[in-house]
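One-letter residues, chain by chain:
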Amino acid sequence: MDWKTIKAPSLEDFERIAGEAFARLPEEFRSRCEGLVIRVEDFPTDEVLDAMELESPFDLLGLYHGTGEPYELSNRTTKLPDMVFLYRRPMLDYWADYDETLGHIIAHVLIHEIGHHFGLSDAAMHAIEDAADHSS
C-alpha cells in the first residue's frame, strides 16, 4: 500500500460505511428504526460539548438525539426525527490509538447510539453487534 497517496476517510466515506453497517443489523432491530436519520459530522457542536460538560471535542464519538423509545409520549402530535450523530474526527483519533478496523468502530458507535433509543442494555447491544458481524 502506498501510504503517500492515502487520505483520511471523508464525511461521505463515513456515511457510506455507516449505511453499510446499518444494513447489516438484524431486521427486527432495523425495522424499529423507521425515520432514523444518521448524520456524520467532524465534531460535536459547542452546545453539545457544553451541555455534556466535555473538555474536548475528541471526547465524544457519537450521540443519539431524540426522544428515547422508553420515554416517548403516545399522544404527541408532532415528533422530530430521531437522529444519530457520528463524529468523524474523534473516531479517526480513536482508530489511530486502538487495534480495531474503522468499520468496526463506526458500527459499534452506531449500534450503541441506536440502542440508547430502545433503552437496551450493553449486553443486548453487544449481541446485536455480534449478529451484524456474522451477517457480513
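A brief look at the structure comes next. Note that residues are indexed from 1 along each chain, following the sequence as it is written. The predicted origin of the model limits local features to residues at a pLDDT of at least 70 and limits the giving and counting of side-chain atom pairs to 80 or more, whereas totals for whole chains, interfaces and linings rest on all residues. Only hydrogens and water are set aside; all other atoms, that is, all heavy atoms of the structure, feed into the side-chain values.

One speaks of a salt bridge when a side-chain nitrogen belonging to Lys or Arg is within 4 Å of a carboxyl oxygen belonging to Asp or Glu. Overall, the coordinates contain four salt bridges when judged by the stated rule. Arg39 serves as the salt-bridge partner of Glu41, at 2.6 Å between the closest nitrogen and oxygen. One salt bridge connects Asp42 with Arg88, and the closest N-O pair in it is separated by 2.6 Å. Of this pair, Asp42 sits in the loop between strand E1 (37-41) and helix H3 (46-51) while Arg88 is found in helix H4 (residues 88-97), placing the two residues 46 residues apart along the sequence. By relative accessible area, Asp42 is classed as partly exposed at 29%. Note on classification: 1.4 Å probe, protein chains only; a residue is buried when its accessible area is under 20% of the maximum for its type, exposed when over 50%, partly exposed between these limits. Residue Arg88 is classed as buried on the basis of its relative accessible area of 13%. Starting at the N terminus, helices and strands are each numbered in turn, a helix being any DSSP run of H or I of at least four residues and a strand any DSSP run of E of at least two.

Before going further, it helps to examine the packing of aromatic side chains. Each aromatic ring pair is characterised by the separation of its centres together with the angle its planes make. Ring geometry is summarised as follows: Phe, Tyr and Trp rings, the Trp one being its six-membered ring, pair when their centres sit within 6.5 Å, and such pairs are stacked at plane angles under 30 degrees, edge-to-face over 60 and tilted between the two. Scanning all chains against the criterion turns up four aromatic pairs. Each ring, one from Phe43 and one from Phe58, has its centre 5.1 Å from the other, and the planes form 85°; the classification is edge-to-face. With Phe43 in the loop between E1 and H3 and Phe58 in the loop between H3 and strand E2 (62-65), this residue pair connects regions lying 15 residues apart in the sequence. Exposure remark for Phe43: the relative accessible area of 25% places this residue in the partly exposed category.

Moving on: helix H5 (residues 102-118). The end-to-end C-alpha distance of H5 is 25 Å, a good match for the 24 Å that 17 residues give at a rise of 1.5 Å each. For H5, a buried count of 13 out of 17 residues is recorded, marking the element as mostly surrounded by other parts of the structure. Count one or two residues on from H5 and you reach Gly119, which has phi positive near 70°. By this rule the span expected of a helix is its residue count minus one, scaled by 1.5 Å.

Turning our eyes to something else, we now look at the pairing of strand E3 (residues 83-87). In terms of burial, E3 is a largely internal element, five of the five residues being buried. Residue alternation in E3 divides its side chains into two sets, Met83, Phe85 and Tyr87 and Val84 and Leu86, and both sets are buried. Of the pairings in the sheet, the one linking E1 to E3 comprises five bridges and is parallel in character. What sits directly across from Glu41, in E3, is Tyr87. Pairing between strands is defined by DSSP: at least two bridges between them are needed. Inspection of the sheet shows E2 paired to E3 by four bridges, in the antiparallel sense. Looking across to E3, one finds that Leu63 is bridged to Phe85.

Take the nonpolar core next. Ranked by internal contacts, the top residues of the largest apolar core, which has 27 residues, are Leu25, Leu86, Ile106 and Ile114. When residues of this core are traced back to their parent elements, those giving at least two are helix H1 (11-24), E3, H4, H5 and helix H6 (122-134). Considering each element in turn, this core owes the most residues, nine residues, to H5. Residue contacts for Leu86: discarding those within four places in its chain leaves Ala18, Ile38, Arg39, Val40, Glu41, Leu61, Gly62, Met91, Ile106, Val109 and Leu110. Core analysis: the second largest hydrophobic core is formed by six residues, Val48, Leu63, Met83 and Phe85 among them. Side-chain atoms within 4.5 Å are what join buried Ala, Val, Leu, Ile, Met, Phe, Trp, Tyr and Cys residues into a set we call a nonpolar core. Between two residues, a contact is recorded if the distance between any of their heavy atoms is within 4.5 Å.

None of this, on its own, says anything about what the molecule does.
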